[in-house]
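Summary of the model geometry
Single-letter residue listing:
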Amino acid sequence: MDWSAEVVDQVESHWRHQLRPRLDGLTDEEYFWQPVPDCWTISRRGHSSAPISFGTGEFTMDYAEPPHDREPVTTIAWRLAHLSVGLAKTNGRHFSCPPASEQTFEYAGTAQEALRKLDDEFEIWISGVRDLGTTGLAQPQGFPPAFAHAPLAKKMLYVNLEVIHHGAEISLLRDLYLHNGSVTPRPASV
């Protein structure tokens, strides 16, 4: 069995036929929309209210060390950044790309720039996984230390999970934004 093809097929089909088409037409207003007050987002440098701001360039990503009193709600901008930097980190460690981290990533200040970054990182990642083959996926992943001896397949399946999981959250946020204010709340039944 070609395990590399299976890992790729799992997420590539979802990406091409479900998730990525749902992101077409994303506006800057949606990108930065906060469904509740004090969302974590991408902010112009120096304008974040989060305890920590990561990134280089004009825009930064909100962050705080766990534990949190309450898990923060995040914007589409934050979730796209989280996916992009996660892919960039994997691409840097395993696919001969420059090293990346939350601290060194240059975050996007527009929806279109964010989608371009996500597309670029996803294409590098999916090509890299495809090229690994079954033998490459069986090699130890080496990082982080807790999973150093685990097969690289474990890491690549985790990336699939992140793309599917956060992609679903982004899709839900888009649905909420598009229907915001257009639905009259129904009273709770007694």
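Turning next to the side chain of E30. By the secondary structure assignment, E30 is in helix 2 (residues 28-32). Here E30 is in contact with G25, I76, R174, Y177 and L178, once residues within four sequence places are set aside.

The subject of this paragraph is the sheet that holds strand 2 (residues 52-54). With respect to topology, three strands assemble into an open sheet ordered 1-3-2, the strand pairing being antiparallel. The open sheet has two edge strands with one neighbour each: strand 1 (42-44) and strand 2. For this sheet, the mean angle separating the axes of adjacent strands, direction not counted, is 45°. Direction of pairing for strand 2 relative to strand 3 (residues 59-63): antiparallel, over a ladder of three bridges. Across the sheet, residue F54 finds its bridge partner in strand 3, namely M61. Contacting strand 1 and strand 3, helix 3 (residues 76-94) runs over the sheet at an angle of about 95° to strand 3.

Next up on the list: helix 3. Taking 1.5 Å per residue, 19 residues should reach 27 Å; helix 3 reaches 27 Å between its end C-alpha atoms and fits that length. By the criterion of burial, helix 3 is predominantly enclosed, with 15 of the 19 residues buried. Looking one or two places after helix 3, you find S96, whose phi comes out positive at around 60°.

Reading the values: rules and limits
Residues numbered from 1 in each chain as written. Predicted model: local features only at pLDDT ≥ 70, side-chain atom pairs only at ≥ 80, totals over all residues. Heavy atoms only, no water. Helix = DSSP H or I, 4+ residues; strand = E, 2+ residues; numbered from the N terminus. Contact = heavy atoms within 4.5 Å. Pairing = 2+ DSSP bridges. Axes fitted to C-alpha atoms, helices over the stretch in contact; angles between N-to-C directions. Expected span 1.5 Å × (residues − 1). Buried < 20%, exposed > 50% of the residue type's maximum accessible area, 1.4 Å probe, protein only.

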